[in-house]
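# Chains, contacts and geometry: an overview
Single-letter residue listing:
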Amino acid sequence: MGLCPAGRTRRGWVVTGGGEALLAKLGDRLSGLRGRMTVNAEMEKITWFRAGGIADALFQPADEEDLAAFLKAVPEEIPVMVVGIGSNLLVREGGIPGFVVRLSAKGFGEAETVSGTQIRAGAATPDKRVAALAHDSGIGGFHFYHGIPGAVGGALRMNAGANGVETRERVVEVRALDRAGNLHVLSNADMGYSYRHSSAAPDLIFTSALFEGYREDKDAIKAAMDAVQHHRETVQPIREKTGGSTFKNPEGTSAWKEIDKAGCRGLMIGGAQMSPMHCNFMINTGTATGYDLEYLGETVRGRVLEHSGIRLQWEIKRIGRFKPGHEVQEFLGQML
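Residues numbered from 1 in each chain as written. Predicted model: local features only at pLDDT ≥ 70, side-chain atom pairs only at ≥ 80, totals over all residues. Heavy atoms only, no water.

This part covers the nonpolar core. Phe142, Tyr145, Leu156, Val174, Met191, Phe206 and Phe211 are the most contacted members of the largest nonpolar core, which totals 31 residues. Listed by contribution, the elements that provide at least two residues to this core are β8 (118–122), α4 (127–137), α5 (152–158), β12 (171–177), β16 (205–212) and α6 (218–235). Discounting residues that sit within four places of it in the chain, Tyr145 has contacts with Asp127, Lys128, Val130, Ala131, Ala155, Thr167 and Phe211. Of all hydrophobic cores here, the second largest spans 24 residues; its members include Leu22, Met37, Ala68 and Ile205. (Core = buried A, V, L, I, M, F, W, Y, C linked by side-chain atoms within 4.5 Å. Buried < 20%, exposed > 50% of the residue type's maximum accessible area, 1.4 Å probe, protein only. Helix = DSSP H or I, 4+ residues; strand = E, 2+ residues; numbered from the N terminus. Contact = heavy atoms within 4.5 Å.)

Written out as structure tokens, the structure reads:
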């Protein structure tokens, strides 16, 4: 196991803070793991917002077998949380207790065609890579992934979608490990999909999935992908530090329309701003903290509730503890 803090111990390293206590508690239970362990990991380095606190430890398993061994070794009372490539993630400043698991490209980032219409992809495979492979293989139905800045694991968990297509339309089966390290193979029905949601058990860590599309002319696929890219470049702040769509679309309307009507386009708190270009995108203008970003999001929710009576629901995943004195309440600014 590669250990990456600073200093030295009996294993060659000295660690401090929550990570030190965590590894001391586990003793030799983690020996034999082949993945990479980073103690007191700075989560701001892996989130697209470039903000957030410290995780006690970040583990990047070598492969599915290594991940299973890790889960079996860590007692269930110790928190284990999985994250993807950090594109749809807000980490609070108080940090994350226990372990964060991040599946990396090496071991979980491969994608391949397994038939004329099917693709198998690891959970760390970028959605855009799946779209490219589908195009190269003449498999239609995956052009929407070209515009989603995430990886397969997150797409499976939140039923990611764009341009009128959702992940649930393409999933055949999903491989996953539970908190005890046991393997499960879930069917599409087992995933319990609804809009931007899967009801699969929250402790399951998805490791790969089998998808199915349909035969389509490559030129038609390329045209659809180009249309997706053009849309993104013209209406979304894709070159900013952002987490993508901040809120789910309410039934019968769009989140950005309600945010705009509530006067929140361009609204700033600290270094966090609702993008003037697309006001359902929250951006870090350069100095935003996790507190700024969440405070802005809840302020927007409160103002939309006041204006239209709609309770916007977060699409961005928020994790970790609040820093003392930097707690954020829901629906700030709502009318009593």
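Once the structure has been displayed, the description carries forward.
One open sheet holds the 4 strands; their spatial order is β18-β21-β20-β19, and the pairing between them is antiparallel. Whereas interior strands pair on both sides, the edge strands pair on one side only; in this sheet they are β18 (241–245) and β19 (268–269). Pairing of β18 with strand β21 (residues 281–284), which is carried by 3 bridges, proceeds in the antiparallel orientation. When the sheet's bridge partners are listed, Lys241 is paired in β21 with Asn284. (Pairing = 2+ DSSP bridges.)

In this structure the tally under the stated criterion is 8 aromatic pairs. Each ring, one from Phe70 and one from Phe99, has its centre 5.1 Å from the other, and the planes form 90°; the classification is edge-to-face. With Phe70 in helix α2 (residues 64–73) and Phe99 in strand β6 (residues 96–102), this pair connects stretches of sequence that are 29 residues apart. Consider the rings of Phe247 and Trp314, whose centres lie 5.1 Å apart with planes at 55°: the pair is tilted. In this pair, Phe247 is assigned in the loop between β18 and α7 (255–261) and Trp314 in the loop between α8 (290–308) and β22 (317–319), connecting sequence segments 67 residues apart. The exposure classification of Phe247 matches that of Trp314, with both residues buried. We note Arg92 situated over the ring of Phe322; from NZ or CZ to the ring centre the distance is 4.3 Å. Seen from the ring of Phe331, Arg311 lies directly overhead, with NZ or CZ sitting 5.0 Å from the centre. (Phe/Tyr/Trp six-rings, centres within 6.5 Å; stacked < 30°, edge-to-face > 60°. Lys NZ or Arg CZ within 6 Å of the ring centre and 35° of its normal.)

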